[in-house]
Amino acid sequence: MFGRSIPARDPDASPPKYWAARGGRGEYWMMVGLFFAMSLLLPGYSTTVAAGPLMIFTIRRFHDFGQSGWWAAAPLAVGLAAGVAMAASPLLAPIIQAVLLVGSVSFTAFVGLMPGDAGPNRFGESQPLFRRKRPDLSETFS
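Conventions used here
Residues numbered from 1 in each chain as written. Predicted model: local features only at pLDDT ≥ 70, side-chain atom pairs only at ≥ 80, totals over all residues. Heavy atoms only, no water. Helix = DSSP H or I, 4+ residues; strand = E, 2+ residues; numbered from the N terminus. Buried < 20%, exposed > 50% of the residue type's maximum accessible area, 1.4 Å probe, protein only. Polar contact = N/O pair within 3.5 Å; in protein donor to acceptor, adjacent residues only side chain to side chain. Contact = heavy atoms within 4.5 Å. Expected span 1.5 Å × (residues − 1). Arc of directions from axis to C-beta. Axes fitted to C-alpha atoms, helices over the stretch in contact; angles between N-to-C directions. Parallel < 35°, antiparallel > 145°, perpendicular 65-115°, else oblique. Nonpolar A, V, L, I, M, F, W, Y, C, P; charged D, E, K, R; others polar. Phe/Tyr/Trp six-rings, centres within 6.5 Å; stacked < 30°, edge-to-face > 60°.

J.: Any chance you could explain the side chain of Asp-64 here in plain terms?
T.: By the secondary structure assignment, Asp-64 is in helix 3 (residues 45–64). What makes Asp-64 buried here is its relative accessible area of 7%. At a separation of 3.0 Å, a polar atom in the side chain of Asp-64 contacts the side chain of Arg-22. Ignoring any residue separated from it by four or fewer positions in sequence, one finds Asp-64 in contact with Arg-22, Gly-23, Gly-24, Gly-116, Asp-117, Asn-121 and Ser-126.

J.: Explanation requested: helix 2 (residues 25–41) in the structure shown.
T.: Note on helix geometry: an α-helix contains 3.6 residues per turn, so any two residues three or four positions apart are oriented the same way. In this model, helix 2 (17 residues) spans 24 Å end to end at C-alpha, consistent with the 24 Å of a helix rising 1.5 Å per residue. Residues of helix 2 that are buried: Glu-27, Tyr-28, Met-31, Val-32 and Met-38. Along helix 2, the residues classed as buried sweep out an arc of 135° about the axis, all on the same side. The outward face of helix 2, more than 90 degrees from its buried face, is lined by the exposed residues Met-30, Phe-36, Leu-40 and Leu-41.

J.: Please clarify how the packing of helix 4 (residues 74–88) against helix 5 (residues 93–113) should be interpreted in this entry.
T.: Helix-helix packing is characterised by the crossing angle of the two axes and by the distance between the axes. Where helix 4 contacts helix 5, the axes come no closer than 10 Å and their chain directions differ by 175°. As judged from the angle between their axes, helix 4 and helix 5 are roughly antiparallel. On the side of helix 4, the interface is formed by Pro-75, Val-78, Gly-79, Ala-82, Ala-85 and Met-86, while helix 5 contributes Ala-93, Ile-96, Gln-97, Leu-100 and Phe-107. For the contact of helix 4 with helix 5, a count of residues per class yields nine nonpolar, two polar and no charged.

J.: Looking at this structure, how should I read the packing of aromatic side chains?
T.: The description of two aromatic rings rests on the distance between their centres and on the angle between their planes. Inspection of every chain in the model, using the stated rule, returns four aromatic pairs. Residues Phe-65 and Phe-110 carry aromatic rings whose centres are separated by 6.0 Å and whose planes lie at 75° to one another, so their mutual orientation is edge-to-face. Placement of Phe-65 in the loop between helix 3 and helix 4 and of Phe-110 in helix 5 is noted, with a sequence separation of 45 residues between them. Ring pairs connect the aromatic residues Phe-62, Phe-65, Phe-107 and Phe-110, which therefore count as one cluster.

Set out below in structure tokens:
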């Protein structure tokens, strides 16, 4: 029962490109805008639906400026600690909620406004949202 063999893995296999890639600022802000619009249209339900994709885009943004994607879990840990604190002391709940609001807006602004690495980093090449085809002018000016 426990002696089953593990299937052979391809040594050239890499993690899925989308998870390990870098994401630009435009891509991140489009997702934040979608999340905000959903929260206006479907209050309560939108948080559950969009939390996963928003986390993926936040991980990609951290990869864009050379940081580990695990930093995207920091707001979750802070939110969990705040939830425990609010349950322990309901009188402090409004203050804790205000701090969470300021903290989440600050975190979103930091992640969305931080410029990515100009060149390649350990997560690969930068991936612009809209690729513009620039004309090859090397022959024109040579």
